[in-house]
Amino acid sequence: MTSRPTPYALRATALGKRFGRRGAWALRDCSFRLPAGRVCAVVGPNGAGKSTLLVLAAGLTAPSEGDVTVLGTDPASARARVGYVAQDKPLYPQLTVAETLRLGADLNPGHWEPSVAEAVVRAGELDPGARIRSLSGGQRTRVALALALGKRPELLLLDEPMADLDPLARHELMGTLMAQAAQYGTTIVMSSHVVAELEDSCDHLLLVGGGRVRLAGEIDELIEAHARVSASAETADLTGHTVVESRTTGRQLTALIRPDGPLPAEWRATPPTLEELVLAHLRNPQAAPLTPEEPADRTDTTMTADTEADTNSDTEAAA
Ligand SMILES: Nc1ncnc2c1ncn2[C@@H]1O[C@H](COP(=O)(O)OP(=O)(O)OP(=O)(O)O)[C@@H](O)[C@H]1O
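What you see is a predicted model, and the numbers here were worked out from it, not measured in a lab. (Residues numbered from 1 in each chain as written. Predicted model: local features only at pLDDT ≥ 70, side-chain atom pairs only at ≥ 80, totals over all residues. Heavy atoms only, no water.)

## Here's the deal with the state of the cysteines
Next, step 1: Throughout the structure, instances matching the rule amount to 0 disulfides.
Next, step 2: For Cys202, which is in no disulfide, the shortest distance to another cysteine sulfur is to Cys40 and amounts to 7.2 Å.
Next, step 3: Judged by relative accessible area, which is 7%, Cys202 ranks as buried. (Disulfide = S-S within 2.5 Å. Buried < 20%, exposed > 50% of the residue type's maximum accessible area, 1.4 Å probe, protein only.)

Set out below in structure tokens:
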């Protein structure tokens, strides 16, 4: 299988999903572009639409409106090149660990790397003969990640992958994911509620709130676009700047803003941490979103004819 490099691993345009004809929108008017090779954090409150976005990207459900392009093609055609680990890590409980990995090999002919999957399982000291039903939640997560990584995907979609792992396992598996991204240029998209944990490993952010994208872009650029300021409440005037959050305590005004030009020298301004940036936007859902402009060219649809849908795509259980 050959394909020309695609500039975007994921691209959503006015993407929306509602469950049932009269159901509420789980995701709406969602537009963003994720360049290939990035490690992207998807954050947002419970029910924000993070899992829905990943399910749409994995091609397991169809959008109600708009569209999503995965590795330059439609999600169903990209499935053989995508690893997806769902939040509840579905696996076959009656299979052993070794049988599960063999199933991964059977479902991914031509692009299965047994040594990668086996190394992930071995690092958790899992008995290959143990049945999945006998494993703890964290151990199942490890097997699900082994399946996804063994597939040597170009894009990994991980829904809260670290949620039930102990701190050591988190550290070790995050290291494995980062090594995979660095060595093979794998794009990783992972949802998480632990923002502080993402700061060192992720370079791109998607903040979803109320079913919409609130922040999207490179983390460095998003941080650079904001400032934490403190100034005299009597004289400071925030007019003209985009105010995400502001608070007055006594004579002191503190705010998180998106400056529109140079700030007065007497203001104290520091860049926010990723956690401060995310929390300020979550606390203030009315704050103006910051997402990249849509470029004029749409150069991500560059697949060659030999990248047709792979009919050997995996089952939901072993995706
Ligand atoms: N299969 C479904 N049928 C009906 N409603 C659904 C379905 N899946 C999700 N929803 C609804 O869509 C909205 C977004 O849910 P989603 O699971 O995408 O949020 P999330 O950001 O992943 O939340 P969490 O952080 O709690 O995992 C919620 O209101 C949820 O109830």
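Further notes follow.
## Here we look at helix H9 (residues 274–283)
Next, step 1: For H9, the full list of buried residues reads Leu274, Leu277, Val278, Ala280 and His281. Summarising the axial view, the buried residues of H9 lie within an arc of 165 degrees, below the 170-degree limit, and thus occupy one face. (Helix = DSSP H or I, 4+ residues; strand = E, 2+ residues; numbered from the N terminus. Arc of directions from axis to C-beta.)

## Here we look at the site of the ligand
Next, step 1: Near the ligand, the surroundings consist of 13 residues, among which Asn46, Gly47, Lys50, Ser51 and Thr52 are the closest.
Next, step 2: At a separation of 2.7 Å, an oxygen atom of the ligand approaches a polar side-chain atom of Lys50.
Next, step 3: If you tally residues by element for the shell around the ligand, the top one is helix H1 (residues 50–57), at 3 residues. (Near = heavy atom within 4 Å. Polar contact = N/O pair within 3.5 Å; in protein donor to acceptor, adjacent residues only side chain to side chain.)

## Let's talk about unusual backbone geometry
Next, step 1: Even without being glycine, Asp29 reaches a positive phi, approximately 50 degrees.
Next, step 2: Looking at where Asp29 falls in the secondary structure, it is placed in strand E2 (residues 25–35).
Next, step 3: The partly exposed category is assigned to Asp29, whose relative accessible area is 44%.
Next, step 4: The backbone of Leu71 shows a phi angle near 50 degrees, a positive value even though the residue is not glycine.
Next, step 5: Secondary-structure assignment places Leu71 in the loop between strand E4 (65–70) and helix H2 (75–78).
Next, step 6: Classification of Leu71 by relative accessible area gives buried; the value is 3%.

## Some words on the nonpolar core
Next, step 1: With 50 residues, the main nonpolar core has Val43, Leu158, Leu177, Ile188, Met190 and Leu205 as its most contacted residues.
Next, step 2: A total of 7 residues in this core trace back to one element, the largest contributor, which is helix H5 (residues 137–150).
Next, step 3: The residues that make up this core include at least three from each of domain 1 (8–218) and domain 2 (221–283).
Next, step 4: Excluding residues that lie within four positions of it along the chain, Ile188 makes contacts with Arg38, Val39, Cys40, Leu156, Leu158, Leu177 and Ala181.
Next, step 5: Leu15, Ala58, Val208 and Val213 belong to the second largest nonpolar core, which has 30 residues in total. (Core = buried A, V, L, I, M, F, W, Y, C linked by side-chain atoms within 4.5 Å. Domains from an automatic or database assignment. Contact = heavy atoms within 4.5 Å.)

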